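Below are the chains, spelled out letter by letter.
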Amino acid sequence: CLRGLGDVYKRQPLPGTVISCDGYNAYRLFDDREKYGDVIVVGCWTHARRKFVDALECCRPQCMDMLADIGRLFGIEAECAELGYDADRRLSERKRRSRPILDSIKAAADRMWEDTGLMAVNLLKKAVGYVRNQWDHLYNIVRTGVAEISNNYSEQIIKPVKLTQKNSLNIGCLLYTSDAADE
């Protein structure tokens, strides 16, 4: 019986595995290069973007700058998809065009983090903190052309499966039947 991510990855993932994820801390275990070698964890730029959207009302200029840069990343991805680029060509485009944007995002996040006035605004602090805490994973889009920069699609696909699994958790288990009947 597998109970979660920890159980699944007690076994060694295949070399070259690429994992696209949100900021869930369990994925940090793959940051151990000695143990997991060339496993690449790619962070989700949609999750990062959403944090700045949430903070727009509080700090519009700073958020708009970050959203513009993140939008440029998505624009590059859309061009690559439209032109039918394979993973190698997309990686080349990411290295050439996305890397400078990523460097700009990181520099802006670091500047904002040092500004105590801005970091007093909780929503902006969450947005900037998310980017800084997830930076290695977010930056990994320039290490692979395979992963998407957003994991929204995979989350939408897996959601019905996970809900069914959750709703069926205790089916066939007599230990929990009386608890369920009491509710």
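You'll find the structure just up there.
Given the structure is predicted, the values throughout are model-derived calculations rather than measurements.

(A) Focus on the overall build of the protein chain. Helices and strands together make up the secondary structure of the protein chain, namely ten helices and two strands. The order of helices and strands in the protein chain, counted from the N terminus, is α-β-α-β-α-α-α-α-α-α-α-α. Out of the 183 residues belonging to the protein chain, those deemed buried represent 35%. Taking as baseline every contact in the protein chain between residues at least 6 positions apart, the subset at least 24 positions apart corresponds to 64%. Carbon and sulfur atoms form 53% of the exposed surface of the protein chain, whose accessible area is close to 11,400 Å².

(B) Structural detail: the side chain of Glu-77. Within the secondary structure, Glu-77 sits in helix H4 (residues 60–82). Setting aside anything within four residues of it in sequence, one finds Glu-77 in contact with Arg-90, Arg-94 and Ile-149.

Rules behind the numbers
- Residues numbered from 1 in each chain as written.
- Predicted model: local features only at pLDDT ≥ 70, side-chain atom pairs only at ≥ 80, totals over all residues.
- Heavy atoms only, no water.
- Helix = DSSP H or I, 4+ residues; strand = E, 2+ residues; numbered from the N terminus.
- Buried < 20%, exposed > 50% of the residue type's maximum accessible area, 1.4 Å probe, protein only.
- Contact = heavy atoms within 4.5 Å.
- Areas by Shrake-Rupley, 256 points an atom, 1.4 Å probe, with all protein chains shown as cover.

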